[in-house]
Amino acid sequence: MLPFDPIGEARRNWEANNWRAVDAMSAATSITRANQLVIGRINEALAPFDLTFSRFEALALLHFSRRGSLPLGKMGDRLMVHPTSVTNAIDRLERDGLVRRVPHADDRRTVLAEITEEGRRVVAKAADALADIEFGLARLSADTLGALDDAIHTLRRDAGDFAE
């Protein structure tokens, strides 16, 4: 732990040098650092399940799907990650017996990832562990969480992350 706020120090340096967009720099840097902290807390809570957040998200997506299976390409789209990241996550989940690859019934070119019963059990327990730590945000009030979610939703929408 540093004895000072490095982002506050960066802000002072930007202001002292008359650089533009000080508020935006500070906010962007804070978001980036907060992401690192939250992911660290999440991954710590998921470690007993031998999961990372990306593997948890893939399992949860399969759990929530109607049939418990999805094409890997569709998973990448919904998780907003590169296809290679999905392949790597599914490789590991398959190795751990939490998903299996199955052929698509109607399209021989497509492979589906399908959650196993063990995968369903693990993802439910992992979701409980994340709820226990409130996804690493336990110290924030409900009002603060709502305001933060609203602000980031606006940021994502304005960046074209999704259609509204």
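Here we summarise the structure given alongside this text. For clarity, every value in this text was computed on a predicted model and none was experimentally measured.

1. A short note on the sheet that holds strand β3 (residues 111-115)
No. 1: Taking strand neighbours across the sheet as the criterion, the 3 strands line up as β1-β3-β2 in an open arrangement whose pairing is antiparallel. The sheet is open, and its two edges are formed by β1 (69-71) and β2 (99-103), each paired on a single side. On average, each strand axis in the sheet is tilted by 30° relative to the strand beside it, whichever way the strands run.
No. 2: Bridge count for β1 against β3 is 3 bridges, and the pairing is antiparallel. Paired with S69 across the strands is E114, a residue of β3.

2. Observations concerning unusual backbone geometry
Phi is mostly negative for residues that are not glycine, and the peptide bonds are mostly trans.
No. 1: We note that A21 has phi near 60°; this positive angle belongs to a residue other than glycine.
No. 2: Tracing the backbone through its elements, the reader meets A21 in the loop between α1 (6-16) and α2 (22-46).
No. 3: We note that E134 has phi near 50°; this positive angle belongs to a residue other than glycine.
No. 4: Looking at the secondary structure, you find E134 in the loop between α6 (117-132) and α7 (142-158).

3. Notes on a positive patch on the surface
No. 1: Together, R66, R67, K74 and R78 line one region of the surface with positive charge.
No. 2: Relative to the elements of secondary structure, K74 occurs in helix α4 (residues 72-79).
No. 3: In this structure K74 comes out as partly exposed when scored by relative accessible area, which is 38%.

Thresholds, definitions, all that
Residues numbered from 1 in each chain as written. Predicted model: local features only at pLDDT ≥ 70, side-chain atom pairs only at ≥ 80, totals over all residues. Heavy atoms only, no water. Pairing = 2+ DSSP bridges. Helix = DSSP H or I, 4+ residues; strand = E, 2+ residues; numbered from the N terminus. Axes fitted to C-alpha atoms, helices over the stretch in contact; angles between N-to-C directions. Patch = residues over 30% accessible without salt bridge, like charges linked within 9 Å, V, L, I, M, F, W, Y side chains within 5 Å. Areas by Shrake-Rupley, 256 points an atom, 1.4 Å probe, with all protein chains shown as cover. Salt bridge = Lys/Arg side-chain N within 4 Å of Asp/Glu carboxyl O. Lys, Arg positive; Asp, Glu negative; His and termini not counted. Charge placed at Lys NZ, Arg CZ, Asp CG, Glu CD. Buried < 20%, exposed > 50% of the residue type's maximum accessible area, 1.4 Å probe, protein only.

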